[in-house]
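Chain by chain, the residues:
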Amino acid sequence: MDAAGRLPIVLASVLVLLGSSQYYTADAESRHVFLDWEVSYAIRSPLGVAKKVITINGRLPGPLLNLTTNDVAHVNVANTLDEPFLLTWNGLQMRRNSWNDGVAGTNCAIPPGENWTYVFQVKDEVGSFFYRPSLGLHAAAGGHGPIRVNNRPVIAVPFAPPDGDLDVLIGDWYNMDVKEMRRRLDGGRGLPSPDGILINGLGPYAADFTFKPGGTHRLRVSNVGTRTSLSFRIQGHKLLLVEAEGAYTAQKQYASLDVHPGQSLSVLVTAADKPKPSYYMVVSSLFVEPELFGVANVIYAEGAGAGAGPPRTGDAHAPLEDASSHNGYARSMEQARSVRMNLTCGAARPNPQGSFRYGRINVTRTLLLRNDEAMVGGRRRCTLNGVSFADAATPLKLADHFDVAGVFAVVSGRPPAAGTTRQKQPSLGAAVVDARYRDFVQIVFENRLPSLQTWHLDGYSFFVAGMGWGKWSPDARSSYNLVDAIYRSTVQVYPAAWTAVLVSLDNEGMWNLRSQCLDRRYLGQEIYVRVRQQGSSVSEVPDPRDELPMPSNALLCGKAKAFKLRRT
Ligand SMILES: *[C@@H]1O[C@H](CO)[C@@H](O)[C@H](O)[C@H]1NC(C)=O
Ligand SMILES: *[C@@H]1O[C@H](CO)[C@@H](O)[C@H](O)[C@H]1NC(C)=O
Ligand SMILES: *[C@@H]1O[C@H](CO)[C@@H](O)[C@H](O)[C@H]1NC(C)=O
Ligand SMILES: *[C@@H]1O[C@H](CO)[C@@H](O)[C@H](O)[C@H]1NC(C)=O
């Protein structure tokens, strides 16, 4: 069937879907978007081997969560799996609302066969993000999908409206069942190399992206994979980087861009006027041997012979003649440093996004977070400052709210001193760093391992001020970018290197700081940051900047069950 014949069918199904599962209402201030999402298992074989995957409304990737700044989303998630389930909104700020963040430290899981409605506002934000499951290794089975937060019409965007807007979810893929992945990690064995790379849930040559000849297309690329850094490129086209996780970047052209686990970015790609028969989108693995490739077809809508016939296997490797230049951590760090903010363009609010002069603000506190691996309780685990994180039966947020003691331990946010028991004997626990609302904090991630790490902070974006090799020291500040560092929520830390970020703690709540490599997080590489106002627990008149009250539909579990009648 040709493209013209297919079109009406596609349109019809979209309309039915919108009619049944999405509707809008508006109050004086915001639009409310209501969605019904059913989470279920399905069998898919993107690389020719059947695997039990997680779909949303039968799809992998799941439906686009398409919002506009200040919209309030109501996402009713029905869990038909045989296990408890949660989704988290990777990169959304969840202003004052860690209640809806959807991680084990903030929410009770949705029990099998039940549903729960997330309600959150995308206050003062724009950009490209994604959602994914947050418990165990569910995310290695899919369950993800793209998020767009569009500008309000009154806000200028620093580029012309594109002729096409496309979501591109890339990630490594394991044919292995998630239960087997879990068994391996529980047994102290690491994961093997992934089996391949998927683009929008599909294997080699299976995904199509349609370009308009001469048109400019926005591609919103997110790495939703298990743990592999990826290089993204389109044969015969340049990539103009314009956005990274909600911040508009200084626009710069690249032949290829690194996208580390959990990161999102937008590029503008201008299609040629006179297309060649076919082009490939190529996603290759970085820093793993053997190199893996994901390939999709770029088809010109009206181009003569576009997409004609299946491409010959092997063609996709042709554009990689300069593959050697794509390995190497030094090259990658250099590219990371070149990603900067455009200080003169607007953001979600009508003020220039660079108007916040972060370089002039005194750092009130430095957290030094050193990741490592160690035997903890007889198992090989990941640690952070000598603690391997273990989820408590009661979400930390609820324990905090109801004042239940003994659920989590407040830690200092510094590595243990050499020679101390904590340094010699890493422990298992639910670790929380306490921070004061309005503090301006420096977080230094120090990685002494030979593998790349990526870190993500929920509820915030941070300025990626510096990266360097070896050990961090306070003198490193002289090498920081204190003017136009990129403002994002997921950052990589190279092997035997450090990354320093600056963050203004203006969002109260219990926020997850986690490795975006699913295996490492599963093995304990995460922590929570509790941000609250000093001294003031309950004030008579709620401050509009205060955290939102506990939602009336909040699920209660663990030790919080006892408090059923005392909901605020
Ligand atoms: C997303 O929402 C915007 C604003 O409401 C709308 O213009 C656009 O068509 C939507 N995109 C998709 C793919 O639904
Ligand atoms: C479960 O879904 C139904 C409709 O599908 C809805 O009326 C109900 O509010 C949902 N329950 C929760 C706890 O969100
Ligand atoms: C920054 O944004 C402004 C305003 O939209 C735009 O005119 C300018 O070209 C951008 N600069 C860069 C380097 O991207
Ligand atoms: C930062 O610290 C310096 C020296 O301690 C002090 O002089 C300055 O006023 C502080 N700046 C701000 C904005 O607090």
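Residues numbered from 1 in each chain as written. Chains lettered and ligands numbered in written order. Predicted model: local features only at pLDDT ≥ 70, side-chain atom pairs only at ≥ 80, totals over all residues. Heavy atoms only, no water.

1. Some thoughts on the nonpolar core
- Core analysis: the largest hydrophobic core is formed by 121 residues, its most contacted members being Trp 89, Tyr 118, Phe 120, Leu 219, Phe 232 and Met 281.
- Broken down by element, the residue count for this core peaks at six residues, all from strand β32 (residues 497-504).
- Excluding residues within four positions of it along the chain, Trp 89 makes contact with Trp 37, Leu 65, Val 75, Met 94, Asn 100, Asp 101, Tyr 118, Phe 120, Phe 130, Tyr 131 and Ile 147.
- Ranked by size, the runner-up nonpolar core spans 21 residues in total, among them Trp 99, Val 103, Ala 399 and Phe 408. (Core = buried A, V, L, I, M, F, W, Y, C linked by side-chain atoms within 4.5 Å. Buried < 20%, exposed > 50% of the residue type's maximum accessible area, 1.4 Å probe, protein only. Helix = DSSP H or I, 4+ residues; strand = E, 2+ residues; numbered from the N terminus. Contact = heavy atoms within 4.5 Å.)

2. Topic: the site of ligand 1
- Near ligand 1 the following residues occur: Arg 31, Leu 64, Asn 66, Thr 68, Arg 148 and Asn 150.
- At a separation of 2.3 Å, an oxygen atom of ligand 1 approaches a polar side-chain atom of Asn 66.
- Burial of ligand 1 by the protein amounts to 38% of the accessible area it has alone, namely 360 Å².
- Breaking the shell around ligand 1 down by element, the ones donating at least two residues are β4 (65-68) and β9 (145-150).
- Within the shell around ligand 1, the residues separate by chemical class into one nonpolar, three polar and two charged. (Near = heavy atom within 4 Å. Polar contact = N/O pair within 3.5 Å; in protein donor to acceptor, adjacent residues only side chain to side chain. Areas by Shrake-Rupley, 256 points an atom, 1.4 Å probe, with all protein chains shown as cover. Nonpolar A, V, L, I, M, F, W, Y, C, P; charged D, E, K, R; others polar.)

3. Things to note about the site of ligand 2
- In the vicinity of ligand 2, the contacting residues are Asn 76, Asn 115, Trp 116 and Thr 117.
- The side chain of Thr 117 places a nitrogen or oxygen atom 2.7 Å from an oxygen atom of ligand 2.
- The biggest single contributor to the shell around ligand 2 is strand β7 (residues 115-121), with three residues.
- The class makeup of the residues in the shell around ligand 2 is one nonpolar, three polar and no charged.

4. Brief notes about the side chain of Ser 388
- Mapping Ser 388 onto the fold places it in strand β23 (residues 387-389).
- Classification of Ser 388 by relative accessible area gives buried; the value is 0%.
- Separated by 2.7 Å, the side chains of Ser 388 and Arg 381 make a polar contact.
- In this view, Ser 388 contacts Val 376, Arg 381, Cys 382, Thr 383, Ser 427, Leu 428, Gly 429, Leu 523 and Gly 524; residues no more than four positions away in its chain are not counted.

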